[in-house]
Amino acid sequence: MTEPAEAPAGPALPADRLAALDALPVDARSLPTSPLSPDQVRAAGLTLHDLWLPAVTLDQRALEHNLDRFARWCAARGVGLAPHAKTTMAPRLWSAQLERGAWGLTAATVAQARTMRDHGAPRVLIANEVVERNQLAWIADALADPAFEVMCLVDSAEGVQAMGAALAGAVRPLRVLVELGPEGGRAGVRDMEDALALARTVAASPSLALAGVEAFEGVFPQRRDDDSPARVRAWLDRLPEFVRGADAEGLFSEAGEIIVTAGGSAFPDLADQALARELDLSLPVRRILRSGCYVTHDDVFMERVSPLRSAADDDPLVPALTCYARVLSRPEPGRAILGAGKRDVSFDIDLPLPRALLRDGERVPLEGTARIATLNDHHAFCDFDAADERAPRVGDVVELGLSHPCTVFDRWPLIPVLDPGLRVVDAVRTLF
């Protein structure tokens, strides 16, 4: 398939809100002076060598490439994108995604949705059933805002009842999507008859409107070297089955479209294939993917499973997150202790990957010659061949590739952005 040169442009977040955020000083442990605002960081003329290590940084060129590449990938397939914005919780990056045609943002929690609304997001899908009464009160208030659209999921009659009671009297009904879930998975209705019965309950509620169906295939093992892709494909076939059944009963609201959404960061290609089925419904279908990790990709997890990994695509996504850590000790032959640990980098899926070391102004590749054996809170145990001339020395800086960006961003309230010359040209504020 030939992909267009660029994705359709969309509105960014309001410039005044982004500017106000960028003017606020942030306590940031990797900066030589703290607190600093993103504006001050941009103007400071810093380089990587000015940062206090450990420091997690973003690669400017890789970041821009990934934003553009995935937007083109979605546009070529005619599928919308509501990226899971909890990956970064960074308004500047949300704005970049919206500028590149994202239909809206996805939140995991109501608190995240509130932050997105506060910074001018026009549309947020909360990818959970909401049953807390005070959070439903916030949704009721949001429904009164004509400039903001909020939706969430339902997977139980009890949840529908709680929403209906809390939202009685709201200015407009809350649009909800029935969530389907596989046996042994996370949330979601397991049985198709139960899902259709729930859709009837939603349709009968004056406070709710059935907008579509949602699923998250990321609960399956996220790998491509076993039967996981076949299992994902078979399960995603339930989405068109549900939509046809609910539409045949006239259960969808008269909102002008039916939303069908799936697609985490591991299998967006399989989700796209399932969502692309011809459905022959009474209303147009809006197909939405919700991938989030594509923004930075990574060196291990996403590089194993993404359809745009380097082994599977001629124009792949590129790792954009790096942790730089100093070698603090060489206590034993073949082992170095680095000054970065669980407080700094992700470790929930894979340990960091030593890419290179920086020594005497040179970048010395380490890939395949060193590994991180374990992490403590503030230390990494790096093992290597003690006879190799590339063996880390005390004082060297090790460049670490990371895995699973969702558990990196939350550790860093301000992340410096480096250009190819390792100059700090920007800083991304996160709001966890």
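### Describing the side chain of Thr 407
Along the chain, the position of Thr 407 falls in helix 13 (residues 406–409). Only 2.8 Å separates the side chain of Thr 407 from the side chain of Asp 348, close enough to count as a polar contact.

### A short note on the environment of Ile 126
Here Ile 126 lies in strand 4 (residues 123–129). The class of Ile 126 is buried, set by a relative accessible area of 0%. A sequence separation of 27 residues divides Ile 126 from Leu 153, and the C-alpha atoms of the two residues are 6.9 Å apart. Aside from chain neighbours lying at most four places away, what touches Ile 126 is Ala 107, Ala 108, Thr 109, Val 110, Ala 113, Ile 139, Val 150, Met 151, Cys 152 and Leu 153.

### Digging into the pairing of strand 13 (residues 362–365)
Here strand 12 (residues 353–359) runs beside strand 13; their pairing, made up of four bridges, is antiparallel. Looking across to strand 13, one finds that Ala 356 is bridged to Pro 365. Turn length for the strand 12-strand 13 hairpin, with the two strands adjacent in sequence and antiparallel, is two residues, and the turn residue Asp 360 shows positive phi of about 55°.

### What to know about helix 1 (residues 15–22)
Burial in helix 1 covers these residues: Leu 18, Leu 21 and Asp 22. Looking straight down helix 1, one finds that the buried residues subtend no more than 95° of arc, so they occupy a single side. Residues of helix 1 that are buried in the fold lie against helix 2 (38–43), helix 4 (91–99) and strand 18 (424–429).

### Observations regarding the pairing of strand 8 (residues 258–262)
Counting buried residues in strand 8 gives five out of five residues, a clear majority hidden from the surface. Side chains Ile 258, Val 260 and Ala 262 of strand 8 all project onto a buried face; the interleaved residues Ile 259 and Thr 261 project onto the opposite face, where all are buried too. Note: strand 7 (residues 208–215) against strand 8, three bridges, orientation parallel. Counterpart to Gly 212 in the pairing with strand 8 is Ile 259. A crossover connection joins strand 8 to the parallel strand 9 (residues 285–289) through helix 11 (residues 268–275); in handedness this β-α-β unit is right-handed.

### What about the packing of aromatic side chains?
Within this structure, the stated rule accounts for four aromatic pairs. Centre to centre, the rings of Trp 138 and Phe 148 are 6.3 Å apart; their planes meet at 70°, and the pair counts as edge-to-face. Of the two residues, Trp 138 is situated in helix 6 (residues 133–143) and Phe 148 in the loop between helix 6 and strand 5 (149–154); the sequence distance between them amounts to ten residues. There is no split in this pair, since Trp 138 and Phe 148 are both buried.

### A closer look at helix 11
Along helix 11, seven of the eight residues are buried, which leaves the element largely enclosed by surrounding structure. Among the residues of helix 11, those classed as buried are Pro 268, Asp 269, Leu 270, Ala 271, Asp 272, Ala 274 and Leu 275. Buried residues along helix 11 sit in contact with helix 3 (60–77), helix 9 (228–236), helix 10 (238–248), strand 8 and strand 9.

The rules we used
- Residues numbered from 1 in each chain as written.
- Predicted model: local features only at pLDDT ≥ 70, side-chain atom pairs only at ≥ 80, totals over all residues.
- Heavy atoms only, no water.
- Helix = DSSP H or I, 4+ residues; strand = E, 2+ residues; numbered from the N terminus.
- Polar contact = N/O pair within 3.5 Å; in protein donor to acceptor, adjacent residues only side chain to side chain.
- Buried < 20%, exposed > 50% of the residue type's maximum accessible area, 1.4 Å probe, protein only.
- Contact = heavy atoms within 4.5 Å.
- Pairing = 2+ DSSP bridges.
- Arc of directions from axis to C-beta.
- Right-handed = clockwise from strand over helix to strand, strands pointing away.
- Phe/Tyr/Trp six-rings, centres within 6.5 Å; stacked < 30°, edge-to-face > 60°.

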